[in-house]
Amino acid sequence: MPSPSSPHSSPASTELPGDLARRRARLGLLAFIVALPISWWLFSNLEPIWDRIMPLEGLPFMAGATLLGASLAIAPLVAGIGFFLAIWFGVDSVYLPRRTTSAALDKPIVAVGLLVWFSPVLAAIAAAGRGLYEGRIHFVRPPRDYFLATDPIAFWQGVGFWLIMAVLFGFLAWRYWRPRLFPHSATQD
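Undergrad: Which parts of the structure should I look at to understand the layout of surface pockets?
TA: Taking a probe equal in size to a water molecule and rolling it over the atoms shows the remaining empty space. Of the pockets and cavities examined, the largest pocket occupies roughly 250 Å³. Lining the largest pocket are Arg22, Ala25, Arg26, Leu29, Phe83, Ala86, Ile87, Gly90, Leu105, Pro108, Ile109 and Val112. Elements that contribute at least two residues to the lining of the largest pocket include exactly helix 2 (17–44), helix 4 (58–95) and helix 5 (103–134).

This is how it looks when you write it as structure tokens:
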């Protein structure tokens, strides 16, 4: 058994996988909590910030514009990645062995994870349902509207597209969640 001063007895080497995943989830959540308000502040104050940078010339202008652009690019990226890492490692921490379990925290983590993983399915079904309700399917890029009354073939193709995407997203989410929710049925594949 290594002595407490031994380099092989670090807390990370004796940490269970679930505890490590929970720690990573906390770091991701911290990155999200810090980067989200920074992103919001930067984008809501973009005009006054740019008004202070614009009169500068030469190297100060280049440095200010570069710093502003990098901040506008990096802060939302850190917030998004932090959010997804918090969800990913949080869900993993529920299903991996840990020193202590907390059902009060595990259930909300799983609920938020299910919501995040299946939200693309819900969005695709909502787009198809909205199209059926309005009689019009709208696509953003390229901007097009297909109306049931004037172009029924393209309209039904658009509805079919959203339903196919819902099935695809649902399949991918189910492949992720099936071994976690139903561990015995997943081993029979």
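Undergrad: Just to check I follow, could you spell out the pairing of strand 2 (residues 144–147) for this structure?
TA: Every regular strand shows the same layout, with side chains that alternate between the two sheet faces. In this sheet, strand 2 lies alongside strand 1 (residues 136–139) in antiparallel orientation, the contact comprising four bridges. In the strand pairing of strand 2, Arg136 is matched with Phe147. In this structure, the hairpin formed by strand 1 and strand 2 is closed by a connection of four residues.

Undergrad: Would you mind going over the nonpolar core with me for this structure?
TA: For soluble globular proteins, nonpolar side chains are generally found buried alongside one another. Residues Ile87, Val91, Val94, Ile109, Val110, Val116, Trp117, Ala173, Tyr176 and Trp177 constitute the largest nonpolar core, which totals ten residues. Listed by contribution, the elements that provide at least two residues to this core are helix 4, helix 5 and helix 6 (152–181). Of all the elements, helix 5 adds the most residues to this core, at four residues. Not counting residues within four places of it along the chain, the set of residues in contact with Val94 comprises Arg22, Asp106, Ile109 and Val110. Listed in part, the six residues of the second largest apolar core include Ile49, Ile53, Leu68 and Ala75.

Undergrad: What is the right way to read the pattern of salt bridges from this model?
TA: When their charged atoms lie close together, side chains carrying opposite charge are able to pair. Inspection of the entire model under this criterion finds seven salt bridges. In this structure, the salt-bridge partner of Asp106 is Arg22, at a minimum N-O distance of 2.8 Å. Residue Asp106 is located in helix 5, and its partner Arg22 is located in helix 2; the two are separated by 84 residues in the primary sequence. Residue classification places Asp106 among the buried residues on the basis of a relative accessible area of 10%. One salt bridge connects Asp92 with Arg180, and the closest N-O pair in it is separated by 3.2 Å. Here Asp92 is found in helix 4, whereas its partner Arg180 is found in helix 6, with 88 residues between them in sequence. What makes Arg180 partly exposed here is its relative accessible area of 22%. A single network of salt bridges, built from pairs that share partners, joins Arg130, Glu134, Arg136 and Asp145.

Undergrad: Explain the side chain of Ser39 here, please?
TA: Mapped onto the elements of the fold, Ser39 is located in helix 2. If we ignore the near neighbours within four places in the chain, the residues touching Ser39 are Ala75 and Pro76.

Analysis parameters
Residues numbered from 1 in each chain as written. Predicted model: local features only at pLDDT ≥ 70, side-chain atom pairs only at ≥ 80, totals over all residues. Heavy atoms only, no water. 1 Å grid on protein atoms, 1.4 Å probe; cavity = no way out; pocket = protein on both sides within 12 Å on 5 of 7 lines; lining within 4 Å. Points joined across faces, edges and corners; volume = space filled by probe spheres on them. Helix = DSSP H or I, 4+ residues; strand = E, 2+ residues; numbered from the N terminus. Pairing = 2+ DSSP bridges. Core = buried A, V, L, I, M, F, W, Y, C linked by side-chain atoms within 4.5 Å. Buried < 20%, exposed > 50% of the residue type's maximum accessible area, 1.4 Å probe, protein only. Contact = heavy atoms within 4.5 Å. Salt bridge = Lys/Arg side-chain N within 4 Å of Asp/Glu carboxyl O.

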